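Chain and residue survey
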Amino acid sequence: MTGRSTSQGASASGRDDAWMLRAVEVGEGVRGFTSPNPWVGAVVVGADGTQISTGATSPPGGPHAELLALRAAGSAASGATLYVTLEPCSHHGRTPPCVDAIVDAGVSKVVVGVVDPDHHVSGSGVAKLRDAGVDVLVGVASQTVEASLAAYLKHRRTGRPLVVVKLAATLDGRIAAPDGTSKWITGPEARADAHRLRAISDAVAVGAGTVRADDPALTVRDAAGRDPLRVVLGAAGSVDPGAKVHPALFHDGDLGELLDLLGGRGVLQLLVEGGARVAGEFHRLRLVDQYSVYFAPALMGGDDGLAMFAGPGAPTMSAVTRGRITSVRPLGADLRVDLVTGGSDSLR
């Protein structure tokens, strides 16, 4: 479902929605390489309704999506419509303002998915385009764009990263057998997808107990992307100096303070891969924005296996954590279910 919040009397069409979804697709293609910048997608469409060019955000220090799309379009950008998932920047950062390039290219209309909440922009890009006589439409397919850029938007609005808890479980909610064995609950397709989730995260957190038990490397292997910052929840001396997780950031304290620290370091998305104890701690503090659970077609068949969350749960039905399921995807024989709650830091 797409949102259609517009401004200044303009209205979105089905064609506008379709081109914005194409821009989202283009932006998602570079996710995992642009952080701490957002993975913006841009599409230049001619007056005849055909695609002229596309562009996606470069790694930090490189051109933004709009500039790359305009460069690829060349003189054909004059009189064309530019679709871009995030409001074009209006300030000098590592690169010149995108609004200047848009005006200079002679683009007649710009369609924006969402306004950039960054204090350097926050509506000024739209205002400058309109002041220059460019027709601007804001809010096309905004729900889809918000979902795509959720990590960036939360970071800019709250200063903290989006927190994703990843778990692999049997259909009856067990992540390990009574003897502690857990490899492998899910199949190769689900494990490869979990690596893709790791690849689009800037940091990955596990407990010191998981490091001692499994000695994970926490690197990206089965997906394209950069290795995340590795975070170990525990004292620096609590794991072997030769553990594969090194070098890692150790944190032995308040999880809210950890999120503030990571946000200050430009971490847009934190993937929590720790076991039941770590997942339970984040859950009870309502710090989780998204739960991504890989369910295997298997049943432990009892109550002695390890549950997904360790520690006390909701004491009554009125206290359970509720959200909305945003995705259900088969992966080989397994199923990935994404539940979005918004955590304690609302994206409003």
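Residues numbered from 1 in each chain as written. Predicted model: local features only at pLDDT ≥ 70, side-chain atom pairs only at ≥ 80, totals over all residues. Heavy atoms only, no water.

This part covers the packing of aromatic side chains. Throughout the structure, instances matching the rule amount to two aromatic pairs. Ring plane angle 35° and centroid distance 6.5 Å describe the contact between Trp19 and Tyr83, whose orientation is recorded as tilted. Of this pair, Trp19 sits in helix H1 (residues 14-28) while Tyr83 sits in strand S3 (residues 81-86), and the two are 64 residues apart along the sequence. Its relative accessible area of 14% is what places Trp19 among the buried residues. The buried category is assigned to Tyr83, whose relative accessible area is 2%. Arranged with centres 6.1 Å apart and planes meeting at 80°, the rings of Tyr291 and Phe309 form a pair that is edge-to-face. Taken together, the residues span a long stretch of sequence, with Tyr291 in strand S12 (residues 290-296) and Phe309 in the loop between strand S13 (306-307) and strand S14 (324-331) at a distance of 18 residues. Its relative accessible area of 28% is what places Phe309 among the partly exposed residues. (Phe/Tyr/Trp six-rings, centres within 6.5 Å; stacked < 30°, edge-to-face > 60°. Helix = DSSP H or I, 4+ residues; strand = E, 2+ residues; numbered from the N terminus. Buried < 20%, exposed > 50% of the residue type's maximum accessible area, 1.4 Å probe, protein only.)

Let us now look at the nonpolar core. Judged by nonpolar contacts, the single largest core of 51 residues is most densely connected at Met20 and Val110. Counting residues per element, this core draws most heavily on H1, at five residues. Contact partners of Val110, with chain neighbours within four places excluded, come to Leu82, Val84, Pro88, Ile102, Leu129, Val134, Asp135, Val136 and Leu137. Membership of the second largest hydrophobic core comes to 28 residues, among which are Ile175, Leu233, Leu258 and Val278. (Core = buried A, V, L, I, M, F, W, Y, C linked by side-chain atoms within 4.5 Å. Contact = heavy atoms within 4.5 Å.)

On to the pairing of S3. Within S3, six of the six residues are buried, which leaves it mostly tucked inside the rest of the structure. Of the strand pairs in this sheet, strand S1 (residues 41-45) and S3 are connected by four bridges, and their pairing is antiparallel. Each bridged residue has a counterpart across the sheet, and for Val44 the counterpart in S3 is Leu82. Both S3 and strand S4 (residues 109-114) contribute to a ladder of five bridges, which runs parallel. Note that in S4 the partner of Tyr83 across the bridge is Val111. (Pairing = 2+ DSSP bridges.)

What follows is about the pattern of salt bridges. For the structure on display, the rule yields 13 salt bridges. Between Arg156 and Asp118 there is a salt bridge, with its nearest N and O atoms 2.8 Å apart. Of this pair, Arg156 sits in helix H6 (residues 150-158) while Asp118 sits in the loop between S4 and helix H4 (124-131), and the two are 38 residues apart along the sequence. Linking Arg329 and Asp193 is a salt bridge whose minimum nitrogen-to-oxygen distance equals 3.6 Å. (Salt bridge = Lys/Arg side-chain N within 4 Å of Asp/Glu carboxyl O.)

Moving on, we come to the packing of helix H2 (residues 65-73) against helix H3 (residues 98-105). Contact geometry of H2 with H3 gives a least axis separation of 9 Å together with a crossing angle of 25°. By the angle between their directions, the pair H2 and H3 is classed as roughly parallel. At the point where H2 passes H3, the crossing takes the left-handed sense. Residue-level inspection shows Glu66, Leu67 and Leu70 of H2 in contact with H3, the latter providing Cys98, Ala101, Ile102 and Ala105. Looking at the contact of H2 with H3, its residues break down into six nonpolar, no polar and one charged. (Axes fitted to C-alpha atoms, helices over the stretch in contact; angles between N-to-C directions. Parallel < 35°, antiparallel > 145°, perpendicular 65-115°, else oblique. Left-handed = near helix turned anticlockwise from the far one by under 90°. Nonpolar A, V, L, I, M, F, W, Y, C, P; charged D, E, K, R; others polar.)

Turning our eyes to something else, we now look at the sheet that holds S4. With mixed pairing, the five strands of this open sheet are ordered in space as S2-S1-S3-S4-S5. Bordering the open sheet on either side are strand S2 (51-56) and strand S5 (135-138), each of which pairs with just one other strand. Going across the sheet, the axis of each strand differs from the next one's by a mean of 15°, ignoring polarity. Each of S1, S2, S3, S4 and S5 is contacted by H1, which is oriented at about 135° to S1, the strand it contacts most.

Next up on the list: the confidence of the model for the protein chain. Scored by pLDDT, the protein chain comes out at a mean of 90, with 94% of its residues at no less than 70. pLDDT under 50 marks residues 344-348. Its contacts with residues more than four places away, or in other chains, come to twelve contacts. (pLDDT = per-residue confidence, 0-100.)

Here we take up unusual backbone geometry. Cis geometry is adopted by the peptide bond preceding Pro36, which originates at Ser35 and carries an omega value of 10°. Among the structural elements, Pro36 can be located in the loop between H1 and S1. Not every positive phi belongs to a glycine, and Ala141 is a case in point at roughly 50°. Following the sequence through the fold, Ala141 ends up in the loop between S5 and helix H5 (142-148). The backbone of Asp215 shows a phi angle near 50°, a positive value even though the residue is not glycine. Following the sequence through the fold, Asp215 ends up in the loop between helix H8 (208-214) and strand S9 (229-233).

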